[in-house]
Structure formats: C-alpha cells, structure tokens
Amino acid sequence: MQSTRAPAPAFLPVANRIRNFSYAIRNIVAEARRVEAQGTRVRYLNVGDPVAFGFRTPPHLIEAVARAVADGHNGYGPSAGIPSAREAIAEELAARGFPVPADRVFVTAGTSEAIDLVMTALAEDGAEVLVPMPTYPLYTAVIAKLGARARFYRCDEARAWEPDLDSIRAAITPATRALVVIDPNNPTGASYSAATRRALVEIADRHGLVLLADEVYGDLGYEGPVPSIGSLDPDAPIISFSSLSKAYLAPGWRTGWMGIGRSPRLDEVVAAVAKLADGRLCSTVPMQYAIPAALRGDRSHQAAFRAALEERAAITAEYLNAVPGMTCARPRGGFYAMPRVSLPSGRTDEDYVLALLRATGVLCVYGSGFGMRPEDGYFRVVFLAPPAELRDIYAMVADFTQAYLRN
Ligand SMILES: Cc1ncc(COP(=O)(O)O)c(C=O)c1O
C-alpha cells in the first residue's frame, strides 16, 4: 500500500532553548576528532579530568564503593542522599568554618547537578544571575536553558583575576536572584583575597542574593585548602558546592553535593531543592559510600596533588609568558590557566584555537566559550599533563604563535 504521508522533514524540530545552551569545553572536541582522523596526535588540554592524565583515585574510596556494591546497596536511595554521606558533608563544611545542618545537605550527580537543581529552584523567566566573566560555562548554559538571564561581572586579569566589585554592584537589579562565585577559579586559576571574599558576602547579604559558592577546587589551593567563603558569615544566604571530582580524583563517579546555609532566608530554597531532588529519585547510591570514606579518611594524596599542580602552574606561567605576544597570570589553585594572545585585528580567539589545533594537535578552549570577548584573544589551558610533556606542548604553542602573529 502506498503511503499518503507527506515526506518526512530532514530533521524533527527541537526546543528553541537548545540554541542558547552551549558548553564549549566539549563542543570543540568534534574538530579535534577530525584532526585526529587525519593522523595528527591531539593533546587534549580542554577537559579538567585528572584521571585522564594518570592521577589515581585513592584506593580507600574505590574500596568503599566496591564494598557498597557487594553489600547490596544497589537500590534507590533517599533523594537527598544517604544519611552517612550527608553527615560527613555537614562535618566537613563545619570544619571549613561553614556549619550547615545535615538536613540542608543534598548529594547530587556531581556539582553539575547541584548547579542545575539550585538554578531551577531560583531562576525563572526574566530573573537575573550574576556570573563571573570569564565563567565556568555550565552556569550560563543552565541559566539560558531556564529562560533566565546571566549578567556578567568583570574579573580583572591585571589584579590576579580578582572580581571587580563595582561591576558586581552596577549589575544588580530588582530581578537579580543570585551571585555565582568560583574560588579557586576555573578558568583563571585565581584564588581570591580575604578582603574580596568578605565584600562578596557583604554584597550578597545586603542585596538579598543567594551566594552560590562553587568550591570544587577548595582543597586545591597551592598554599593549602581554602576556607569556605561561608566561614566569613555562616548566617549569610550562601550555598556551598563541591564534589569528589577534583580533589578526590573521581570525576566519573558523578558524585557531588551542596550545603545550604542555615539562614532562615534559605528555607524556601531548601524546600524547593528537596522537591526537585525527589523528581530525579536519587544520585548514584554506591558512590555515595565513598563520601564518608573521603571526608573522614586519609587525605594524604591531596598534598602530593597540590604540589604536582603548583609545579605545573609555574611551568605554564613561565613558558607562556615567554612567548612574544602572550601573557599568562600565574594560577594560585586548581589546574587551569587563562593566557591571552594579542590577536591581529579581525581574528577571534576561536580562529586562534582552531588554527593551533590544526597545526599542532594542541586542543585548548577559546575564551569566548567562557564569556570573554572573542577579539580579546583569551584561551584556557588545562595543565594536568606531566611536566616534560607540558614543556613540549608549550614549545609547540610558542612556535605556532610566533608564526601566527607574523601572518
Ligand atoms: C568550577 C566548576 N564547577 C563545577 C564543575 C562540575 O564538576 P562536577 O564533576 O562536580 O560536576 C566543574 C568541572 O570542571 C568546575 O570546574
């Protein structure tokens, strides 16, 4: 029988919101695969995954997960997380100076899901959220998905990438709901001064904004763990986020958390997040057993990891600052740097990054993927590779950049 249906369109339509949902860190991989298919070795300096560079998940965390699976903890768990994990997180936050009751802790599929849940709870159509520029791109992607609006505040490269407090104050409107603070920072590697941190808390408190404190790199300050920003005023409206992904070397487990401050102003947020958490049932249960093991157990791997990162940060700043036409602020924590190349007029950061990739196989992410202006020439480097390999990579970057800037 002949079909009477009209010919199918090439593509069935998807929701409009997808147009504004962008995550450059992974989007750029498609081009890297093409370069690889042509026979060039690609050095993936785009994703901040320490395990991909040979850093090992601590064995006592792996044992805790293996034991949980063997002991039959394979069913659904409570939406907010298993009690032992929530208690360990509450203790950890208290030890960092930010006492949060365990019933205001939620275990999530990485910090990423915590960000999604809280933004969904806070930001609706027309709401505004203050986001650093440059930013970790998940924030702008989720805000766009929700139909809310990201308002960027400047971070100043000339002052070690500290947030510009005046630009935060100037961006606040009656529609502003939240202030995102990432410290230590991805993508800049900054760690903020005590005075800046105090001012950020004061701004959030005074204007009734929820301070979303992204502290996933909190244990990776080179001078040692950075106190939670909530320690400056535990009664301010602050939510602290972290996970096992970075400082506990288990990003694939998708295990993170948020601690919602004790301020009664946040009670409705707690209720909203609890409702949303019910809807996605729970985060992966066996991995939650690694949380008490991580937070109450041996952390000696962290000192070694911090030392390895500090060495790589120093190499990164030294080599990239030696490239004519390039500057790079020295990171103070985490494993990212945000160098800048003085582009000839008419060229964008994406042009530079793609040309670098095609010529050398070195894959970085262009600064405009983090909210920077394309013509400003910023790009982000993940410096987790071993020191000798980093030196080789930076030598290639230097040769390429000199030729690129000459043409
Ligand atoms: C600043 C920042 N926040 C959140 C995340 C997401 O981490 P998770 O693996 O905990 O979802 C990352 C990952 O790179 C990050 O850099």
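Small disclaimer: the values here were computed from a predicted structure and weren't measured.

Thoughts on the packing of aromatic side chains
Geometry of an aromatic ring pair is reported as the spacing of the ring centres plus the angle between the planes.
Part 1 of the argument: Here the structure, examined in full by the defined rule, presents twelve aromatic pairs.
Part 2 of the argument: Centroid distance Tyr 352 to Phe 379: 5.3 Å. Interplanar angle 50°. Geometry classified as tilted. Placement of the pair is Tyr 352 in helix H13 (residues 349–360) and Phe 379 in strand E15 (residues 379–382), with a sequence separation of 27 residues.
Part 3 of the argument: A relative accessible area of 1% means that Phe 379 is categorised as buried.
Part 4 of the argument: For Arg 86, the ring lying beneath its charged end belongs to Phe 106, and the centroid distance is 5.9 Å.

What to know about the layout of surface pockets
Part 1 of the argument: Approximately 520 Å³ is the volume attributed to the largest pocket.
Part 2 of the argument: Contributing to the lining of the largest pocket are 25 residues, with Tyr 23, Ser 112, Tyr 136, Lys 246 and Arg 254 lying nearest its centre.
Part 3 of the argument: Volume-wise, the second largest pocket comes out at about 240 Å³.
Part 4 of the argument: Taken together, 15 residues line the second largest pocket, and the ones lying closest to its centre are Ser 191, Gly 221, Tyr 222, Glu 223 and Arg 332.
Part 5 of the argument: Residues of the lining of the second largest pocket, tallied by class, amount to eight nonpolar, three polar and four charged.

Remarks on the sheet that holds E15
Part 1 of the argument: Strand order in this open sheet of three strands is E11-E15-E14, and the pairing throughout is antiparallel. Each edge of the open sheet carries a strand with a single partner, namely strand E11 (336–337) and strand E14 (365–366).

Description of helix H3 (residues 59–70)
Part 1 of the argument: Here H3 spans 16 Å end to end across twelve residues, near enough to the 16 Å set by a 1.5 Å rise per residue.
Part 2 of the argument: Buried within H3 we find Leu 61, Ala 64, Val 65 and Ala 68. The arc enclosing the buried residues of H3, seen along the axis, measures out at 95°, which places them on a common side. Those residues of H3 that are exposed and angled more than 90 degrees off the buried face are Pro 59 and Ala 70.

Considerations on the pairing of E15
Part 1 of the argument: Side chains Phe 379 and Val 381 of E15 all project onto a buried face; the interleaved residues Arg 380 and Val 382 project onto the opposite face, where all are buried too.
Part 2 of the argument: Bridge analysis of E11 against E15 gives two bridges, and the strand direction is antiparallel. The partner of Tyr 336 across the bridge, within E15, is Val 382.
Part 3 of the argument: For E14 and E15, the ladder comprises two bridges, and the chain directions are antiparallel. In the sheet register, Val 365 faces E15, and the bridge partner there is Arg 380.

Some remarks on empty space enclosed by the protein
Part 1 of the argument: Applying the stated criterion to the full structure yields three cavities of 30 Å³ or more.
Part 2 of the argument: Looking at the largest cavity, its volume works out to about 190 Å³.
Part 3 of the argument: Lining the largest cavity are 20 residues, with Glu 92, Arg 96, Glu 215, Asp 219 and Ser 242 sitting closest to its centre.
Part 4 of the argument: Listing elements by their share of the lining of the largest cavity, those giving two or more residues are helix H4 (83–95) and strand E8 (238–243).
Part 5 of the argument: By residue number, the principal contributor to the lining of the largest cavity is E8, which donates four residues.

Thoughts on the site of the ligand
Part 1 of the argument: Surrounding the ligand, one finds 14 residues, the nearest of these being Ser 112, Asn 186, Asp 214, Tyr 217 and Ser 245.
Part 2 of the argument: Asn 186 places a side-chain nitrogen or oxygen 2.7 Å from an oxygen atom of the ligand.
Part 3 of the argument: Within the complex, 94% of the 400 Å² of free accessible area of the ligand lies under protein.
Part 4 of the argument: According to the grid-proximity analysis, the pocket containing the ligand is the largest pocket.
Part 5 of the argument: In terms of residue count, helix H5 (residues 110–122) provides more of the shell around the ligand than any other element does, three residues in total.
Part 6 of the argument: Classifying every residue of the shell around the ligand by side-chain character gives five nonpolar, six polar and three charged.

Some points on the side chain of Asp 219
Part 1 of the argument: Inspection of the secondary structure puts Asp 219 in the loop between strand E7 (210–214) and E8.
Part 2 of the argument: At 3.3 Å, the side chain of Asp 219 and the side chain of Gln 302 are in polar contact.

Some remarks on the packing of H5 against helix H9 (residues 267–279)
Part 1 of the argument: At a minimum axis distance of 9 Å, the contact between H5 and H9 shows a crossing angle of 120°. Relative to H9, the element H5 is oriented oblique. For the pair H5 and H9, the sense of crossing is right-handed. Contact residues: Leu 117, Val 118, Thr 120, Ala 121 and Leu 122 in H5; Val 269, Ala 272, Val 273, Leu 276 and Ala 277 in H9.
Part 2 of the argument: Class assignment of the residues belonging to the contact of H5 with H9 gives a composition of nine nonpolar, one polar and no charged.

Here is what the cut-offs are and how they apply
Residues numbered from 1 in each chain as written. Predicted model: local features only at pLDDT ≥ 70, side-chain atom pairs only at ≥ 80, totals over all residues. Heavy atoms only, no water. Phe/Tyr/Trp six-rings, centres within 6.5 Å; stacked < 30°, edge-to-face > 60°. Helix = DSSP H or I, 4+ residues; strand = E, 2+ residues; numbered from the N terminus. Buried < 20%, exposed > 50% of the residue type's maximum accessible area, 1.4 Å probe, protein only. Lys NZ or Arg CZ within 6 Å of the ring centre and 35° of its normal. 1 Å grid on protein atoms, 1.4 Å probe; cavity = no way out; pocket = protein on both sides within 12 Å on 5 of 7 lines; lining within 4 Å. Points joined across faces, edges and corners; volume = space filled by probe spheres on them. Nonpolar A, V, L, I, M, F, W, Y, C, P; charged D, E, K, R; others polar. Pairing = 2+ DSSP bridges. Expected span 1.5 Å × (residues − 1). Arc of directions from axis to C-beta. Near = heavy atom within 4 Å. Polar contact = N/O pair within 3.5 Å; in protein donor to acceptor, adjacent residues only side chain to side chain. Areas by Shrake-Rupley, 256 points an atom, 1.4 Å probe, with all protein chains shown as cover. Sits in = over half its atoms within 2 Å of the grid points. Axes fitted to C-alpha atoms, helices over the stretch in contact; angles between N-to-C directions. Parallel < 35°, antiparallel > 145°, perpendicular 65-115°, else oblique. Left-handed = near helix turned anticlockwise from the far one by under 90°. Contact = heavy atoms within 4.5 Å.

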